[in-house]
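# Secondary and tertiary structure notes
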Amino acid sequence: MSVVSPQGFRASGVVAGIRSGDGPDLALVVNDGPQHTAAGVFTRNKVKAAPVLWSEQVLTTGRVRAVVLNAGNANACTGPEGFQTAHATAETAAELLGCGAVEVAVCSTGLIGSQLPRESVLAGVRAAHTGLGADAAAGRAAATAVMTTDTVVKEATHTDEAGWTIGGLTKGAGMIAPSMATMLSVVTTDAVVDAPVLDAALRAGVRVSFDRLDIDGSMSTNDTVLLLASGASGVVPDTDAFTAAVTAVCQDLARQMQADAEGVTKRITVRVSGAATEDDAVTVARTVARDSLVKTALFGSDPNWGRIAAAAGYADAALDPDRLDITVNGLLLCRGGVAAGNRADADLKGADILVEVALGLGDGAAEILTTDLSHAYVEENSAYSS
């Protein structure tokens, strides 16, 4: 179970006919309360999809009754008509639930630049409302309906011994960079949490999870992460414990996205330590993770530490090349900026690769999750249509 694991939530996934084929493409997640507090984090791309513009307005109230999500069409770069479709989607769900449209968030994912078929979406919302359920199958149906190039559903759950639960679903396999991805994520909880605490917990969790996942350096127009609280458990959680649990669920979902990224053959963690600041550590790790020559070398299981050193060196962060150490899968290959180990001894045949970069300048540390750059990634993204 995922988004319906906490008490007070129902979900569904249906075929609305938004994309070609006969698979599900519209999901509905409903918070039955008694509490309806919510927080959201959105893409920082200046080109924002219509559902992002709508949902940003909704989240200013700190209250969300339901979320409608669709796959197959991003409803981005669609002008006033696209915004009207997002609004109409919220209005239809609100009528069915007996609430205001301003209490319904809308999320879309898929191809940019074409109008979302409004009547198909509205019919899908009605069908999704009819099919709402609170069991594992309902949660799985919602997670399935938002998949695009994803190959598996992505769900996570945490239950605290104090008596409250967090659940979540996400989708995303490509166009993944900081400020999230072609990623839609809904996280739910039955803890009793007010809006400011909810917002702080979500932002803290996203900062070290989704924002540290960088597959291809491309920032989507549609990124949305929502955290909804029903309060149905009746338990007010310890704030630190709640924030830690939200973070853990977000990190779980982010790692699932990494494992299912487009064309992935290697799951790569770039871990930087000894930076002058945490921001510098993030910058160096992200630069290494994005570097095409590093990514292609690791695709070929080549422990080319020189490419890693070069990428670290052009990052916009403090770096002393005479203090630079690089370790790949536990083997020290560079110490003090010069070769230190036998590259032939590095074992990169497995799917998981850990690149460790030590800067020797301070206490700043961070890690970025990424993947290799494979033939399959290129093929996937040279013919993307849904």
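Refer to the structure printed above.
First, a word on scope: everything that follows refers to the structure included in this document. (Residues numbered from 1 in each chain as written. Predicted model: local features only at pLDDT ≥ 70, side-chain atom pairs only at ≥ 80, totals over all residues. Heavy atoms only, no water.)

For the rest of this paragraph, the subject is the overall build of the protein chain. On a plain count of helices and strands, the protein chain comes out with 10 helices and 15 strands. The C-alpha radius of gyration computed for the protein chain amounts to 21 Å, which stays within 12% of the reference 21 Å derived for 386 residues, consistent with globular compactness. The buried share of the protein chain, taken over its 386 residues, is 55%. Sequence-distant contacts in the protein chain: of pairs separated by 6 or more residues, those separated by 24 or more amount to 79%. Looking at the protein chain as shown, the accessible area adds up to about 14,200 Å², and 51% of this sits on carbon and sulfur atoms. The distance from the centre of the 27 positive side-chain charges to the centre of the 44 negative ones in the protein chain is 2 Å. (Helix = DSSP H or I, 4+ residues; strand = E, 2+ residues; numbered from the N terminus. Rg over C-alpha atoms; globule rule 2.2 N^0.38 Å. Buried < 20%, exposed > 50% of the residue type's maximum accessible area, 1.4 Å probe, protein only. Contact = heavy atoms within 4.5 Å. Areas by Shrake-Rupley, 256 points an atom, 1.4 Å probe, with all protein chains shown as cover. Lys, Arg positive; Asp, Glu negative; His and termini not counted. Charge placed at Lys NZ, Arg CZ, Asp CG, Glu CD.)

All right, on to empty space enclosed by the protein then. Taken as a whole and assessed by the stated rule, the structure comprises one cavity of 30 Å³ or more. Computed from the structure, the largest cavity encloses a volume of approximately 40 Å³. Of all the elements in the fold, those that place two or more residues in the lining of the largest cavity are β4 (66-71) and β5 (104-109). Class assignment for the residues of the lining of the largest cavity results in seven nonpolar, three polar and no charged. (1 Å grid on protein atoms, 1.4 Å probe; cavity = no way out; pocket = protein on both sides within 12 Å on 5 of 7 lines; lining within 4 Å. Points joined across faces, edges and corners; volume = space filled by probe spheres on them. Nonpolar A, V, L, I, M, F, W, Y, C, P; charged D, E, K, R; others polar.)

Turning our attention to the sheet that holds β4. The four strands lie next to each other as β1-β2-β4-β5, forming an open sheet whose pairing is mixed. Looking at strand neighbours, the two that pair on one side only are β1 (9-14) and β5, the edges of this open sheet. Ignoring strand direction, the axes of neighbouring strands in this sheet form an average angle of 10°. The strands touched by helix α4 (residues 136-145) are β1, β2 (26-31) and β4; relative to β1, the strand with the most contacts, the crossing angle is about 50°. (Pairing = 2+ DSSP bridges. Axes fitted to C-alpha atoms, helices over the stretch in contact; angles between N-to-C directions.)

This next bit is on the packing of helix α2 (residues 79-97) against helix α3 (residues 118-130). As a packed pair, α2 and α3 sit with axes 10 Å apart at the nearest point and diverge in direction by 20°. By the angle class used here, α2 and α3 are roughly parallel. Handedness of the α2/α3 crossing: right-handed. Between α2 and α3, the contacting residues are E81, Q84, T85, A88, T89, T92, A93, L96 and L97 on the first element and R118, V121, L122, V125, R126 and H129 on the second. When the residues that make up the contact of α2 with α3 are grouped by side-chain class, the tally is seven nonpolar, five polar and three charged. (Parallel < 35°, antiparallel > 145°, perpendicular 65-115°, else oblique. Left-handed = near helix turned anticlockwise from the far one by under 90°.)

Take the packing of helix α5 (residues 195-207) against helix α6 (residues 239-259) next. To characterise two packed helices, one gives the angle between the axes of the helices and the distance between these axes. It is the contact of α5 with α6, at a shortest axis distance of 8 Å, that shows an interaxial angle of 45°. Taken together, the axes of α5 and α6 lie oblique to each other. The way α5 lies across α6 gives a crossing that is right-handed. The segment α5 lies against α6, with V197, L198, A201, L202, A204 and G205 engaging T239, F242, T243, V246, T247 and C250.

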